[in-house]
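One letter stands for each residue in the lines below.
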Amino acid sequence: MSSSESAASHEVSEASAPTSEAESLRIVLLGRTGTGRSSSGNTILGRSAFLVDVSPCSVTARCKKQSGIVGRRSISVIDTPGLFHTHLSSQEVMAEVGQCVGFSSPGPHAFLVTLQLGRFTHEEREAFEWIKARFGPGVMRFTMVLFTCGDQLKGKRLEDFLEQSQDLSEFVSSCHGGYHVFDNSRQEETDECSHQVMQLLEKVDQIVAKNGGGCYSDEMLKEAEGAIREAHERILGEAGHVVESIQTEAEVTEGQLPRLEKKWEDEERRREEEEARKRAERLFWCELVTALGKGAAEGAGIMGKDKGKGKAVKKAKVVEKVAALAASPLSVRSAAKAVGGAVREGSKVLYKHRKTLLR
């Protein structure tokens, strides 16, 4: 975008000329949507320079510069679109907010990051990280936290409020310009300049003094933008390597697939064979024990030999024979018959399962 196009797409309003160029201050307002950036700009200038509206949507969509004489010095205030804008994408907000450096040429003396008194949420933390990413870590040398809605303190010391949140306290400490509190509801107090504004300007003067009278420059912004591009390219490069690695792994896997499938089939076949062998062994031992018992009973005369006629042996007769055998003394002959019957029936089972036993 050319300088003429940039001027056409942004609002710029200049008040009376500065009394001394050396005493002029250039201030940029940054912050999340709804934290009172525009109201703070009006409080600093002592007039309704920026549009303020109670709305669920973001009001400021473009950088806007307003100037005025405050305390006999020239003050330029640049309002910017709110971070996490309700209409603009993050890329559009990043591009637009970067215009504030050109609006405050040769660069802003201070960045005021507006934050409402209340909970320090994850969204606020992301907003501050976004600012450091957009303007580079060096921006913290020119940054001050401006707490709005100061009336909500109700006499409470801000130091006590900060102690309640370690994250918020650490962020404020990272801002070399410290912090200040505004009560934007006191804009009607239009003496030569309200006390809270004079205190703010004194703190901005301290930021300028700490930076040797210098300001945040366009070169610093370009350096930050270069770092963003490098990070973006590095991320894209790493993503490309990941995709390439995944593709290579997929190709290798595809080439190994037939071999892996054969391996899985062999393992499955071995498992099935092992399970079949175990079942055959269990069946063999069950039949062997049964056959030994049956043969011994037949040899001892407790049960008659099965002639294949399918006649069932009556349970009562078997019990009688067992009782009679138990009552009579055990002879070698009866014992031999029992053992012989067991061996005979056991041999049948062994012959039946010979294939299983010979594996």
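Just so you know, these numbers come straight off a predicted model, no measurement behind them.

Procedures and definitions
- The residue numbering used here restarts from 1 in each chain and proceeds along that chain's sequence as written.
- Side-chain atom pairs in this predicted model are given and counted only at pLDDT of 80 or more, local residue features only at pLDDT of at least 70, and totals for whole chains, interfaces and linings cover all residues.
- Only hydrogens and water are set aside when side-chain values are computed; all heavy atoms of the structure are taken into account.
- Put simply, a nonpolar core is a bunch of buried Ala, Val, Leu, Ile, Met, Phe, Trp, Tyr and Cys residues held in one set by side-chain atoms that sit within 4.5 Å of each other.
- Relative accessibility thresholds used throughout: buried, under 20% of the residue-type maximum; exposed, over 50%; partly exposed, between the two (1.4 Å probe, protein chains only).
- A run of H or I in DSSP counts as a helix once it spans at least four residues, and a run of E counts as a strand once it spans at least two, with each numbered from the N terminus.
- Contacts: residue pairs with any heavy atoms within 4.5 Å of one another.
- Every helix has an expected span of 1.5 Å times one less than the residues it contains.
- Taken from the helix axis, the directions to the C-beta atoms give the arc we talk about.
- You can read pLDDT as the predictor saying how much it trusts each residue, on a scale of 0 to 100.
- Note on definitions: angles span 0 to 180 degrees between N-to-C directions of axes, and those axes are lines fitted to C-alpha atoms, for helices only across the stretch in contact.
- Note on angle classes: values under 35 degrees are labelled roughly parallel, values over 145 roughly antiparallel, values of 65 to 115 roughly perpendicular, and the remainder oblique.
- The handedness criterion is simple: a crossing whose near helix is rotated anticlockwise from the far helix by less than a right angle is left-handed, and one whose near helix is rotated clockwise is right-handed.
- Gly counts as polar in this scheme, as do all residues outside two lists: the nonpolar Ala, Val, Leu, Ile, Met, Phe, Trp, Tyr, Cys and Pro, and the charged Asp, Glu, Lys and Arg.
- Stacked, edge-to-face and tilted labels apply to pairs of Phe, Tyr and Trp rings (six-membered ring for Trp) whose centres lie within 6.5 Å, assigned for plane angles under 30 degrees, over 60, and everything in between, in that order.
- A ring has a charge above it when a Lys NZ or an Arg CZ is no more than 6 Å from the ring centre and no more than 35 degrees off the ring normal.
- A pair of strands is labelled paired if DSSP reports no fewer than 2 bridges between them.

J.: Sorry, what's going on with the nonpolar core here?
T.: Nonpolar side chains in soluble globular proteins tend to end up buried together. Grouped together as the largest cluster of nonpolar side chains are 37 residues, with contacts concentrated most on Phe 111, Ile 131, Phe 135, Phe 147 and Tyr 216. In terms of residue count, the dominant contributor to this core is helix α5 (residues 122-135) (five residues). Those residues in contact with Phe 135, other than ones at most four positions away along the chain, are Leu 30, Val 97, Cys 100, Val 101, Phe 111, Tyr 216, Met 220, Leu 221 and Ala 224. Counting residues in hydrophobic clusters, the runner-up holds 21 residues, among them Leu 25, Ala 49, Phe 50 and Val 208.

J.: Any chance you could explain the environment of Cys 175 here in plain terms?
T.: Assignment of secondary structure puts Cys 175 in the loop between α7 (166-174) and β7 (179-181). Distance from Cys 175 to Leu 112, taken between C-alpha atoms, is 10.0 Å for residues 63 residues apart in sequence. When near neighbours in sequence (up to four residues on either side) are disregarded, Cys 175 contacts Met 140, Thr 143 and Val 145.

J.: Would you mind going over α5 with me for this structure?
T.: Given 3.6 residues per turn, any residue in an α-helix points the same way as the ones three and four places further on. Relative to the 20 Å expected for 14 residues at 1.5 Å per residue, α5 spans 20 Å between its end C-alpha atoms, a close match to the ideal helical length. Every buried residue belonging to α5 is among Glu 124, Ala 127, Phe 128, Trp 130, Ile 131, Arg 134 and Phe 135, and all of these are buried. Along the axis of α5, the buried residues cluster in a sector spanning 155 degrees; they form a single face. Positive phi appears at Gly 136, one or two residues downstream of α5, with a value of about 90 degrees.

J.: Whenever I open this one, the confidence of the model for the chain confuses me. Can you help?
T.: Reading predicted coordinates in detail is not appropriate for stretches of low pLDDT. Here the chain averages 77 in pLDDT, and 70% of its residues register 70 or above. Every residue in residues 1-22 is under pLDDT 50, and counting partners more than four places away or in other chains gives 30 contacts. Scored below 50 in pLDDT, residues 308-312 shows zero contacts in the model against residues more than four places distant or in partner chains.

J.: I tried to follow the packing of helix α3 (residues 90-97) against α5 on my own but got confused; where do I start?
T.: In contact at an axis separation of 11 Å, α3 and α5 are set at 55 degrees when each is read in the N-to-C sense. By the angle between their directions, the pair α3 and α5 is classed as oblique. The interaxial crossing formed by α3 with α5 has right-handed handedness. In contact with Val 93, Met 94, Ala 95 and Val 97 of α3, α5 contributes Trp 130, Arg 134 and Phe 135. Considered class by class, the residues forming the contact of α3 with α5 number six nonpolar, no polar and one charged.

J.: Would you mind showing me how to read α3 here?
T.: Within α3, the full set of buried residues consists of Val 93, Glu 96 and Val 97. For α3, the arc enclosing every buried residue in end-on projection is 95 degrees, short of the 170-degree limit, so these residues lie on one face. Looking at the buried positions of α3, the neighbouring elements they touch are β2 (25-31), α4 (99-103) and α5.

J.: Whenever I open this one, the packing of aromatic side chains confuses me. Can you help?
T.: Working definition: an aromatic ring pair is given by the centre-to-centre distance plus the angle between the planes. Evaluated as defined, the whole model comprises eight aromatic pairs. Pairing Phe 147 with Phe 161 gives two aromatic rings, centres 6.3 Å apart and planes at 85 degrees, and the pair type is edge-to-face. With a gap of 14 residues between them, Phe 147 in strand β6 (residues 143-148) and Phe 161 in helix α6 (residues 158-163) connect regions that are remote in the sequence. By relative accessible area, which is 0% here, Phe 147 ends up buried. Residues Phe 147 and Tyr 179 carry aromatic rings whose centres are separated by 6.4 Å and whose planes lie at 70 degrees to one another, so their mutual orientation is edge-to-face. Here Phe 147, found in strand β6, pairs with Tyr 179, found in strand β7; they are 32 residues apart in sequence, far enough to count as distant. In textbook terms, an aromatic cluster arises when at least three aromatic residues are bridged by ring pairs, as seen for Phe 111, Phe 135, Phe 142 and Tyr 216. Of note, Arg 134 hangs over the ring of Phe 135, and the distance from its end group to the ring centre comes to 5.9 Å. Cation over ring: Lys 203 sits above Tyr 179, and NZ or CZ is 5.7 Å from the ring centre.

J.: What am I meant to see in the pairing of strand β4 (residues 73-79) here?
T.: The buried fraction of β4 amounts to seven of the seven residues, a majority that puts the element mostly inside the structure. Of the two faces of β4, the one lined by Arg 73, Ile 75, Val 77 and Asp 79 and the one lined by Ser 74, Ser 76 and Ile 78 are each fully buried. As paired strands, β2 and β4 are joined by five bridges and run parallel to one another. Counted as the bridge partner of Leu 29 is Asp 79 from β4. Looking at chain direction, strand β3 (residues 64-70) and β4 are connected through seven bridges and run antiparallel. Each bridged residue has a counterpart across the sheet, and for Ile 69 the counterpart in β4 is Ser 74. Where β3 folds back on β4, the antiparallel hairpin that results is connected by two residues, among which Gly 71 adopts a positive phi of roughly 60 degrees.

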